[in-house]
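Residue-level structural notes
Spelled out, the chains give:
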Amino acid sequence: MMDRGIWINGEVKSWQDAHIHPFNFSLMYGYGVFEGIRVYQTSKGRMVFRLEDHLVRLLKSCKILNIKNYYTLDDLTYACHQLMDEIKGDDIYLRPMIICNSDGFLGIKAPKITIELIIAAIPWNYSPSDEDRLKGLSVKCSDTIKPLPNAALLGAKSIGNYLSVVTALTREKEIDDLIFFDQWGYVAEASGANVFVVKNNQLLTPYTNACLKGITRDTVFSLCSEFNLVTKEQNLTKDDLYTADEIFLSGTAIEIMPITNVDNTKINCVTTESISQGIYERYRELVRGNNRKYKDWLKAI
Ligand code: PMP
């Protein structure tokens, strides 16, 4: 058993022994897709959260990018299980990637592209203390604009789509994250999470024209039905952020995380009574297997 490992082309290898060729087509041109999936320890053992939804999105990302993938949903599911059989530990992050090779051809119009499936499993102990969670994140509105949907194919979780976001983040030292806007000045998303705004007892989130259709975002929609909150997709501007009652991010890695400061404008303090805290608590309960209503989203692994 290992505490981290990599499934690569049918075999589970140690972290050090997994290799790809340096002239990998995805490395040269960003042409590849990936997913981020969480495995949680529960009272019934280790469970993977919404595995099928993540793998379906991976397949959809291939389709959007016209990557000729031959792995089926069953193959991908089997590979994740095969990898997890070799990994010890409680909470694990799974990162499947479908990357491409052009067999030594360095040009862009490669005559032949082959694919490789790689899945990494690493221990995931990120869990902000209650104190840090209540402190929330400080963010800035980025002046890096999200590309038009048809320019960047933002519905795919592709490697290339992270270039401008990573570049923008490298220039920021003081803040926790950036909020990106679309071409029309509406909120798109954070670097790796969707954005929610609480205002006048409504829960608002941008349409998915310029952001990823997050699986956690979808989970929040389900949880909100229990909070008696009107939840809707809506165009949101900077003003909506500055005057929000609460703002939070949703994403597989960060789960539900409040934002308490935008461009040095203080957003209401998060308290144990806040809506974002309530949604976070429900989310934790769900992923740890303590809400039977959503038991189909968790599968033993
Ligand atoms: N937007 C971006 C750019 C992301 O990378 C992620 C993380 N996958 C999300 C949103 C949230 O998606 P999910 O809830 O499916 O993790």
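Residues numbered from 1 in each chain as written. Predicted model: local features only at pLDDT ≥ 70, side-chain atom pairs only at ≥ 80, totals over all residues. Heavy atoms only, no water.

On to the overall build of the chain, then. A tally of regular secondary structure across the chain gives nine helices and 17 strands. Expected size for 301 residues packed as a compact globule is a radius of gyration near 19 Å; at 20 Å, the chain falls within 12% of this value. Its C-alpha atoms give the chain principal-axis dimensions of about 55 × 45 × 30 Å. Looking at the 301 residues of the chain, the share that counts as buried comes to 50%. (Helix = DSSP H or I, 4+ residues; strand = E, 2+ residues; numbered from the N terminus. Rg over C-alpha atoms; globule rule 2.2 N^0.38 Å. Buried < 20%, exposed > 50% of the residue type's maximum accessible area, 1.4 Å probe, protein only.)

With that settled, the discussion passes to the site of the ligand. Taken together, 15 residues surround the ligand, and among them Y162, E189, I215, T216 and T252 come closest. With respect to the ligand, the side chain of R57 contributes an N or O atom lying 2.9 Å from an oxygen atom. Between the ligand and the protein, one listed contact pairs a nitrogen atom with a side-chain N or O atom of K157 at 2.9 Å. In isolation the ligand offers 390 Å² of accessible surface; the protein chains occlude 93% of this area. Elements represented by at least two residues in the shell around the ligand include exactly α7 (215-224) and β14 (246-251). Here the shell around the ligand is built from residues that sort into four nonpolar, eight polar and three charged. (Near = heavy atom within 4 Å. Polar contact = N/O pair within 3.5 Å; in protein donor to acceptor, adjacent residues only side chain to side chain. Areas by Shrake-Rupley, 256 points an atom, 1.4 Å probe, with all protein chains shown as cover. Nonpolar A, V, L, I, M, F, W, Y, C, P; charged D, E, K, R; others polar.)

Now for the nonpolar core. Within the largest apolar cluster, 31 residues are counted, with the highest numbers of intra-cluster contacts made by I67, L94, I98, L117 and I119. When residues of this core are traced back to their parent elements, those giving at least two are β4 (37-42), α2 (51-65), α3 (73-84), β6 (92-101) and β7 (114-123). In this structure, I67 is in contact with Y31, G32, V33, C62, I98, C100 and I115, ignoring residues within four places of it in sequence. (Core = buried A, V, L, I, M, F, W, Y, C linked by side-chain atoms within 4.5 Å. Contact = heavy atoms within 4.5 Å.)

For strand β15 (residues 255-262), the tally of buried residues reaches eight of eight residues, placing the bulk of the element in the interior. Alignment of strand β8 (residues 137-145) against β15, held across three bridges, turns out to be parallel. Bridging from a neighbouring strand, S138 pairs with N261 of β15. Two elements, β14 and β15, share five bridges in a ladder whose sense is antiparallel. Among the inter-strand pairings, F248 is bridged to a residue of β15, identified as P258. (Pairing = 2+ DSSP bridges.)

Here we come to helix α9 (residues 275-287). In a regular helix each residue adds 1.5 Å, so 13 residues correspond to 18 Å; α9 covers 18 Å between its end C-alpha atoms and thus fits that length. With 10 of 13 residues buried, α9 is to be regarded as a mostly interior element. Here α9 has its buried residues at I275, S276, Q277, G278, I279, Y280, Y283, R284, L286 and V287. Immediately downstream of α9, the backbone of G289 shows phi near 80°, a positive value. (Expected span 1.5 Å × (residues − 1).)

Our focus in this paragraph is the packing of α7 against α9. Viewed as axis vectors pointing N to C, α7 and α9 meet at an angle of 105°, and their least axial separation amounts to 10 Å. Between α7 and α9, the interaxial angle falls into the category roughly perpendicular. Residues T216, T219, V220, L223 and C224 of α7 pack against I279, R282, Y283 and L286 of α9. In terms of residue class, the contact of α7 with α9 is built from six nonpolar, two polar and one charged. (Axes fitted to C-alpha atoms, helices over the stretch in contact; angles between N-to-C directions. Parallel < 35°, antiparallel > 145°, perpendicular 65-115°, else oblique.)

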